[in-house]
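If you want the building blocks of each chain, they are given just below.
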Amino acid sequence: MSDDDFMQDSDQEYDFEYEDDEEEDTGDVDIENKYYNAKQTKTSDPEEALQEFLSIPPLEQEKGDWGFKALKQAIKLEFKLKRYQEATEHYEELLTYVKSAVTRNYSEKSIDNMLNHIEKGYDDPKAVQCIEKFYSLTLQCFQSTNNERLWLKTNIKLARLLLDRKDYHAVARKLRELHNACRKPDGTDDPSKGTYSLEIYALEIQMYSETRNNNQLKVLYQKALKVRSAVPHPKIQGVIRECGGKMHMSEENWKEAQSDFFEAFRNYDEAGDLRRIQVLKYLLLTTMLMKSDINPFDSQEMKPYRNDPRISAMTELVDAYQRDDIYRYEDVLQKNTDLLADPFIAENIDEVTRNMRTKGVVKLIAPYNRMHVGWLAERLRITEPEVMDILSFLIVDGRVKGRIDEHKGVLELESREDADHVQGITVLSEAVGNLFNAVFKSTDGFQSGQGEFMNSMADQIADIGSLDDTMRSTGSGKRGRRVGLTQRAY
């Protein structure tokens, strides 16, 4: 055979094989085109796109990437269209691709993203049941393939779902299971699973925060802060710090609460989580409870949010509080009742309001000796029993010297001149008593060593006498002026 004949035969043989490959490639290209065409129409015509995606898996002779991708898109659309039963059936089919059709890492990442996507449907009870079924199917699948990472991730998501449903007993059981999975055989924490451990701590801290179990919360909070083997997502740190801030608030430890809320805000902001706005409101709340005059928006992290309309009401409250403007403060609260929709703010804003009213009472009573409680209530726009409660607190706390005539509804204050006069008489009485004891109760009479003591007593009595004379000469004018003020307080 000549070389030309050989080459001719070879070309014919290669042409035949090439035509086979071309047919296979054409089939893959058709499937690929079908997939991308469906993907382009899923926004404008989800029904048509869904049918296109579901028609792709049967076109593959063996389970492969395109069937896996098409099923993923179909499940997302079914979930969006609230066809939860169909979504569950196709998800179960999707999991059959995991063992052989796609790589382990690709399948793990895809399933995790799928579960993250469907978590957005929490508001619908049927969606929650579907999500729980997805978790159950995932755990069954990956437990058999010994994929511990996805098993841990899915169980953490399931625990979060149970926590959102406030099924605390089920959450506690799941968390115990997760803690055991993150420990070594000797019972100590496994450093290689530090990130998962911190996520589990965050869930447990949330549970104890919601159930008001501060003793367990404090132990776990300290333990979570000591974890050094993890590189957690900022959102996890934000959750831990937020719960820590709430714990400190319940203990009225305003300074530590402010520190934790600031760290929570910073972490949520870094993670791009919308929770940062609510935590920022908590931070502004603690600023008022600390009675701080420092503007929290002076910090670099908070400056961009100074004029954010979502926190404008809290910003106005802080401004009114720092300027002691009780009327402005009350107006802001009345116009922004949605602030109290958050149970945490509603629970703690009363303390701020009480502080504002207390400062208002102290300012109003400063010039007077005697006034009606009703007049104070009218000026502060609150009820008389609320005013009586504030006055009682101030008197017991020693910040106001006076007494309340509940029958007449009148507050009577001790004047400064009267208080000084009483103090002088008290000192004089004690000096005379000491002198009496020294002179008449001493069996040996006056002794040389007591001369200096007697001179000291005489000096004290002379000083008190001059103080009393001064008070008598100046007291009448001052009392007259204060009486005039008292008349305007009725």
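Per chain, the residues get numbers from 1 upward, laid out in the order the sequence is written. Predicted model: local features are reported for residues with pLDDT of at least 70 only, side-chain atom pairs are reported and counted for 80 or more only, and whole-chain, interface and lining totals are derived from all residues. Only hydrogens and water are set aside; all other atoms, that is, all heavy atoms of the structure, feed into the side-chain values.

Chemist: When you look at the overall build of the chain in this model, what are you seeing that I'm missing?
Modeler: Each helix is a run of H or I in the DSSP string that is no shorter than four residues. Each strand is a run of E no shorter than two, and both are numbered from the N terminus. The secondary structure content of the chain amounts to 20 helices and three strands. Accessibility here uses a 1.4 Å probe with only protein chains present; expressed as a share of the type maximum, an area under 20% marks a residue as buried, one over 50% as exposed, and anything in between as partly exposed. Per-residue burial over the chain gives 41% buried out of 490 residues. Contacts are residue-level and defined by heavy atoms, with any inter-residue pair within 4.5 Å sufficient. Within the chain, counting contacts between residues at least 6 apart in sequence, those at least 24 apart form 60% of the total. Accessible surface, the chain: about 28000 Å² in total, of which carbon and sulfur atoms supply 48%. Surface accessibility in these figures is a Shrake-Rupley result with a 1.4 Å probe; residues are shielded only by whichever protein chains are displayed.

Chemist: Would you mind showing me how to read the pairing of strand 3 (residues 410-413) here?
Modeler: Note: two strands are recorded as paired if DSSP finds a minimum of 2 bridges between them. Across three bridges, strand 1 (residues 370-372) lies against strand 3 in antiparallel orientation. Across the sheet, Arg370 pairs through a bridge with Glu412, a residue of strand 3. Two elements, strand 2 (residues 402-405) and strand 3, share four bridges in a ladder whose sense is antiparallel. Of the residues in strand 3, the one forming a bridge with Arg403 is Glu412. Following strand 2, the chain reverses through four residues before pairing antiparallel with strand 3; Gly409 in that reversal takes a positive phi of roughly 70°.

Chemist: Can you walk me through helix 18 (residues 384-396) in this structure?
Modeler: The terminal C-alpha atoms of helix 18, which comprises 13 residues, lie 18 Å apart, in line with the 18 Å expected from a rise of 1.5 Å per residue. Of the residues making up helix 18, those classed as buried are Val387, Met388, Ile390, Leu391 and Leu394. The buried residues of helix 18 all sit within an arc of 165° when viewed along its axis, so they share a single face. In helix 18, the exposed residues that point more than 90 degrees away from the buried face are Pro385 and Val396. Backbone geometry just downstream of helix 18 places Gly398 in the positive-phi region, at approximately 85°. To estimate how far a helix should reach, multiply one less than its number of residues by 1.5 Å. Arc definition: it is the arc formed by the directions from the helix axis to the C-beta atoms.

Chemist: Help me understand the side chain of Asn155 in this model?
Modeler: For Asn155, the location among the structural elements is in helix 7 (residues 148-164). With sequence-adjacent residues up to four places away left out, Asn155 is seen in contact with Leu139, Lys174 and Leu178.

Chemist: What is the right way to look at the packing of aromatic side chains in this model?
Modeler: Here a ring pair, both rings aromatic, is described through the centre-centre distance and the interplanar angle of the planes. Note on ring pairs: Phe, Tyr and Trp rings are taken, using the six-membered ring of Trp, and paired if centres are within 6.5 Å. Classes follow the plane angle, with under 30 degrees stacked, over 60 edge-to-face and the rest tilted. Overall, the coordinates contain 14 aromatic pairs when judged by the stated rule. Taking the centre distance of 6.1 Å and the plane angle of 50° together, the rings of Phe68 and Tyr97 count as tilted. In this pair, Phe68 sits in helix 3 (residues 65-80) while Tyr97 sits in the loop between helix 4 (84-95) and helix 5 (104-118), placing the two residues 29 residues apart along the sequence. With respect to burial, Phe68 and Tyr97 carry one shared label: buried. Cluster of aromatic residues (ring-pair linked, three or more members): Tyr35, Tyr36, Phe53 and Trp66. By definition, being over a ring means that NZ of Lys or CZ of Arg is both within 6 Å of the ring centre and within 35 degrees of the ring normal. Above the face of the Tyr97 ring, Lys63 is positioned so that its terminal group lies 5.3 Å from the ring centre. The lysine or arginine in question, Arg354, covers the ring of Phe393, its NZ or CZ lying 5.4 Å from the ring centre.

Chemist: Would you take a moment to explain the pattern of salt bridges for this structure?
Modeler: Note on pairing: side chains with opposite charge can pair once their charged atoms come close. Salt bridges, as used here, are contacts in which a Lys or Arg side-chain nitrogen is within 4 Å of a carboxyl oxygen on Asp or Glu. By the definition in use, this model includes 29 salt bridges. Ionic pairing is found between Arg328 and Glu316, a salt bridge with its closest N-O pair at 3.1 Å. Note that Arg328 is positioned in helix 15 (residues 326-335) and Glu316 in helix 14 (residues 312-322), a separation of 12 residues in sequence. By relative accessible area, which is 31% here, Glu316 ends up partly exposed.

Chemist: It is not clear to me how the nonpolar core should be interpreted in this structure. Could you clarify?
Modeler: The nonpolar side chains of a soluble globular protein tend to be buried with one another. Joining through side-chain atoms within 4.5 Å is the link that ties buried Ala, Val, Leu, Ile, Met, Phe, Trp, Tyr and Cys residues into a set, and such a set is a nonpolar core. Core analysis: the largest hydrophobic core is formed by 96 residues, its most contacted members being Tyr91, Leu285, Met288, Leu317 and Ile349. Contacts of Leu285, omitting those with residues within four sequence positions, involve Met249, Met314, Phe344, Ile345, Asn348, Ile349 and Val352. Grouped together as the second largest cluster of nonpolar side chains are 19 residues, Val387, Ile390, Leu391 and Leu413 included.

Chemist: How should helix 17 (residues 373-380) be read in this particular structure?
Modeler: Residues spaced three or four apart along an α-helix point in a common direction, a consequence of the helix completing one turn every 3.6 residues. All of the buried residues along helix 17 are Val373, Trp375, Leu376, Ala377 and Leu380. Positive backbone phi, at 65°, marks Arg381, one or two positions downstream of helix 17.

From the geometry alone we can't say anything about function, so treat these as descriptive.
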